[in-house]
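# Structural overview
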Amino acid sequence: MLEIKDVYKVFNAGTVNEKIALSGLNLTLADGDFVTVIGGNGAGKSTMLNMISGVYPCDEGQIVLDGKDITSMKEHRRAKYLGRVFQDPMMGTAATMSIEENLAMAYRRTRHRGLAWGVSRPEKSTYKELVASLGLGLENRMTTKVGLLSGGQRQAITLLMATIQKPKMLLLDEHTAALDPKTAAKVLEITDEIVKNDSLTTMMITHNMKDALRLGNRLVMMHEGRIIFDVSGEEKAKLDVPDLLKMFEKASGGEFANDRMLLA
Amino acid sequence: MFEAFIDSQPGSIALGIIWGIMAIGVYITYKVLDIADLTVDGSFSTGGAVLVVCVTSGMNIWLAMLLAFISGCLAGLVTAIFHTKFGIPAILAGILTQLALYSINLRILGGMANLPISFRKYNLLLTLSDIPKSLIMGGIFTVALIAILYWFFGTEIGHSLRATGCNQTMSRANGVNTNVAKTIGIVLSNGIVALSGALLAQYNGYADINMGRGAIVIGLAAVIIGEVVFGKIFRNFALKLLSVVIGGVAYYFFINLVLTLGLPANDLKLLQAVIVAVFLGIPYWKNSITKGKHKIKKENKGGVINA
């Protein structure tokens, strides 16, 4: 489904702030893979997701999605293939637009936009059912501005938006990190349900090792812009958190996992 | 003194409506797209100049209005290209176009700073000497414009403009070309501003190279007054646009009042700037005063997903 071939990305090249974010990244995902991505701060996890979604151009290398080279495709054009949920709950929705308007925006992700109504009448009832499926009671607030919702509610709506048109890939960038534990658990539960129901090819960045182990069929660890560890299936199922920490220490040359990883 | 003030009310209402239409253009960039577009100072005069030149050369008034609208659209397009293709910050892009428009407007006016158009000679839509007619025409334009914009911002393209103004990351993630959305908004906004300039030129009986000076400030004043007064009651988009026009009328009422009270006309721009600065400051001051309260509210609420 996705092939990342030898991708390099350097930020602020030639300055004192030069940062090699991706350094020869290679990764191939099969159709239906649900891969969790872990790694320390600055390992290149978010950069990888942003490169896939086209936020930055690649310095070198190639990204192929479902047989199509998308390396130089503009971000808004790739959007029709990708569902994205961001770390910041504010990023995925338009605060000044209502729940149904936001969903309608997402529904038109794969289509040409014209002078037809932004939300048609039959759509409204479809959206209402979809929102009801979240089990958050939001189905009675379809015309409420999204800006009035809590972070968790907004993240749940963003998840719906990302998957309302079945994407070729779902990209989750630490999408529960900014939520309190109870809300995070609920959003993760919804995530797992949607991914399973639509058997979506998914990439989820997380700082929570337990989540990384519990969810998905595959786990990759990144360090200094590369994948240093990649397990799937049975092998992944057998791992536990201490294993991961040991692995991380070994691969990164004895460097300790940072506090955030240990605490998670 | 006050009799003169009351007598002059219908006139200032007509002026307020014309500037209110201009403020609707400003609303599209400033409120919907979240861009401060200073092109309007130039495109307002462009609209007036194009109309006067077209009509005095014998063109039909409605066709001249259309051309005035298109000339404003083109001015907006230049700013949009500066912003999206040259990477120039929107505010600076607008200033550049505005500067260039000064020369262009002079060319349109045939090198003259002021070009008259007489209501006796030409069939104008509105004029200073027939205020009731002007009020009706202004009203018709306002209602028609609000209706069209209400429809437009309910369409798919309209939604993509609103989303772009609110959250560009979200817009791109949902397949919106944010540069195109901004371009459409800036073009439309300046078209409306030029249309309003064309109306004012007819009303005053002349187009002037300086007629648009400070237009952005008047537009902002109308937008902000409308918002402060009606923000809490008017939630519907059409009503919000209406409140902008009412803001324009209220503004001219106020200006008329201070002039009657003896403010020298030369000091008017100073007063305008101060009014807009204060009104822009109010939400900021409000925020910094109530910050503490909001925090407590949030903590009480907790982060429960059903909150």
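Residues numbered from 1 in each chain as written. Chains lettered and ligands numbered in written order. Predicted model: local features only at pLDDT ≥ 70, side-chain atom pairs only at ≥ 80, totals over all residues. Heavy atoms only, no water.

## Section: the overall build of chain A
Within chain A one finds ten helices and ten strands. The C-alpha atoms of chain A give 19 Å as radius of gyration, which agrees with the globular expectation for 264 residues (18 Å, within 12%). Its C-alpha atoms put chain A at 60 × 40 × 35 Å along the principal axes. The proportion of buried residues among the 264 residues of chain A is 53%. By element, 50% of the accessible surface of chain A is carried by carbon and sulfur atoms, the whole surface being about 11,700 Å². The averaged location of the 33 negative side-chain charges in chain A is 7 Å from the averaged location of its 34 positive side-chain charges. (Helix = DSSP H or I, 4+ residues; strand = E, 2+ residues; numbered from the N terminus. Rg over C-alpha atoms; globule rule 2.2 N^0.38 Å. Buried < 20%, exposed > 50% of the residue type's maximum accessible area, 1.4 Å probe, protein only. Areas by Shrake-Rupley, 256 points an atom, 1.4 Å probe, with all protein chains shown as cover. Lys, Arg positive; Asp, Glu negative; His and termini not counted. Charge placed at Lys NZ, Arg CZ, Asp CG, Glu CD.)

## Examining the overall build of chain B
Secondary structure assignment for chain B yields twelve helices and two strands. In sequence order, the secondary structure elements of chain B are arranged as α-α-α-α-α-β-α-α-α-α-β-α-α-α. The C-alpha atoms of chain B give a radius of gyration of 20 Å, which matches the 19 Å a tight globule of 307 residues would have. Counting only C-alpha atoms, chain B reaches 70 × 50 × 30 Å along its principal axes. Classification of the 307 residues of chain B by burial places 52% in the buried group. In chain B, the proportion of contacts linking residues at least 24 apart, taken out of those at least 6 apart, comes to 77%. Counting only carbon and sulfur atoms, one obtains 68% of the accessible surface of chain B, whose full area is about 14,200 Å². A distance of 10 Å separates the average location of the 21 positive side-chain charges in chain B from that of its 11 negative side-chain charges. (Contact = heavy atoms within 4.5 Å.)

## Quick word on a nonpolar patch on the surface
On the surface, B:Leu63, B:Leu66, B:Leu67, B:Ile70, B:Leu74, B:Leu77, B:Ile81 and B:Phe86 cluster together to form a nonpolar patch covering roughly 680 Å² of accessible area. Inspection of the secondary structure puts B:Leu66 in helix α4 (residues 61-84). (Patch = residues over 30% accessible without salt bridge, like charges linked within 9 Å, V, L, I, M, F, W, Y side chains within 5 Å. Salt bridge = Lys/Arg side-chain N within 4 Å of Asp/Glu carboxyl O.)

## Section: the environment of B:Val276
Residues and elements named next belong to chain B. For Val276, the position within the fold is in helix α12 (residues 268-301). A relative accessible area of 6% means that Val276 is categorised as buried. With residues up to four places along the chain from it excluded, the contact list for Val276 reads Val217, Leu220, Ala221 and Ile224.

## Comments concerning helix α3 (residues 40-56) of chain B
For α3(B), spanning 17 residues, the distance from its first C-alpha to its last is 24 Å, which sits close to the expected 24 Å at 1.5 Å a residue. Phi turns positive, to about 100 degrees, at B:Gly58, one or two residues after α3(B). (Expected span 1.5 Å × (residues − 1).)

## Thoughts on the interface of chain A and chain B
For interface size, the figure often reported is the accessible area lost on association. With 38 residues of chain A at the contact, the number on the chain B side is 25 residues. Across the interface of chain A and chain B, roughly 2,800 Å² is buried in total on both sides, 59% from carbon and sulfur atoms. Summed over the three residues of chain A that lose the most area to chain B, namely A:His76, A:Arg113 and A:Leu115, the buried surface amounts to 21% of that side. For A:Arg111, the salt bridge goes to B:Glu156, with nearest N and O atoms at 3.9 Å. Linking chain A with chain B are 13 residue pairs in polar contact (both at pLDDT 80 or more), by the criterion used here. Those elements giving two or more residues to the side of chain A that touches chain B turn out to be α2 (75-78), α3 (99-107), α5 (151-163) and α6 (181-197) of chain A. Broken down by class, the residue content of the side of chain A that touches chain B amounts to 16 nonpolar, twelve polar and ten charged. (Buried area = accessible area lost by both parts, 1.4 Å probe. Polar contact = N/O pair within 3.5 Å; in protein donor to acceptor, adjacent residues only side chain to side chain. Nonpolar A, V, L, I, M, F, W, Y, C, P; charged D, E, K, R; others polar.)

## Here's the deal with the packing of α3(B) against α4(B)
Relative orientation and spacing of two packed helices are given, respectively, by the angle between their axes and the distance between those axes. All names here are of chain B. Where α3 meets α4, the closest approach of the two axes is 8 Å, and the angle between their N-to-C directions is 150 degrees. Judged by the angle between their axes, α3 and α4 are roughly antiparallel. Our pair here, α3 against α4, has a crossing hand that is right-handed. Each of Ser43, Thr46, Gly47, Val50, Leu51, Cys54 and Val55 in α3 lies in contact with α4, whose residues at this interface are Ile61, Ala64, Met65, Leu67, Ala68, Ser71, Gly72 and Ala75. (Axes fitted to C-alpha atoms, helices over the stretch in contact; angles between N-to-C directions. Parallel < 35°, antiparallel > 145°, perpendicular 65-115°, else oblique. Left-handed = near helix turned anticlockwise from the far one by under 90°.)

## Details of the nonpolar core
Core analysis: the largest hydrophobic core is formed by 119 residues, its most contacted members being A:Ile99, A:Leu103 and B:Leu149. With twelve residues, helix α2 (residues 9-32) of chain B is the largest single contributor of residues to this core. Setting aside residues up to four positions removed in sequence, A:Leu103 forms contacts with A:Tyr127, A:Val131, A:Met142, A:Leu160, A:Met161 and A:Ile164. The next biggest cluster of nonpolar side chains, apart from the first, holds 27 residues, and it includes A:Leu29, A:Val35, A:Met73 and A:Val220. (Core = buried A, V, L, I, M, F, W, Y, C linked by side-chain atoms within 4.5 Å.)

## Some points on the packing of aromatic side chains
All names here are of chain B. Tallying each qualifying case throughout the model produces twelve aromatic pairs over all chains. Taking the centre distance of 4.4 Å and the plane angle of 20 degrees together, the rings of Trp19 and Phe44 count as stacked. Of this pair, Trp19 sits in helix α2 while Phe44 sits in helix α3; the two residues are 25 residues apart in sequence, bridging distant segments of the chain. Each member of the pair Trp19 and Phe44 is classed as buried. Site record: aromatic cluster; members linked through ring pairs are Tyr27, Trp151, Phe152, Phe153 and Phe237. (Phe/Tyr/Trp six-rings, centres within 6.5 Å; stacked < 30°, edge-to-face > 60°.)

## Digging into the state of the cysteines
Residues and elements named next belong to chain B. Considering all chains together, one arrives at zero disulfides over all chains under this definition. Cys73 takes part in no disulfide bond, and the closest cysteine sulfur to it belongs to Cys54, at a distance of 14 Å. Classification of Cys73 by relative accessible area gives buried; the value is 14%. (Disulfide = S-S within 2.5 Å.)

## Topic: the packing of α3(B) against helix α5 (residues 90-108) of chain B
Residue and element names in this part refer to chain B. Axis separation between α3 and α5 bottoms out at 9 Å; the angle between their running directions is 10 degrees. Judged by the angle between their axes, α3 and α5 are roughly parallel. Residue-level inspection shows Asp41, Gly42, Ser43, Ser45, Thr46, Ala49, Val50 and Val53 of α3 in contact with α5, the latter providing Gln98, Leu101, Asn105 and Ile108. Of the residues in the contact of α3 with α5, the class split is five nonpolar, six polar and one charged.

## A word on the confidence of the model for chain B
All names here are of chain B. Counting all residues, the mean pLDDT for chain B is 92, and 94% of those residues have values of 70 or more. In the predicted structure, residues 295-307 sits below a pLDDT of 50 and forms 17 contacts with residues beyond four places in sequence or in another chain. For this predicted complex, the interface score ipTM comes out at 0.92, alongside a pTM of 0.91. (pLDDT = per-residue confidence, 0-100.)

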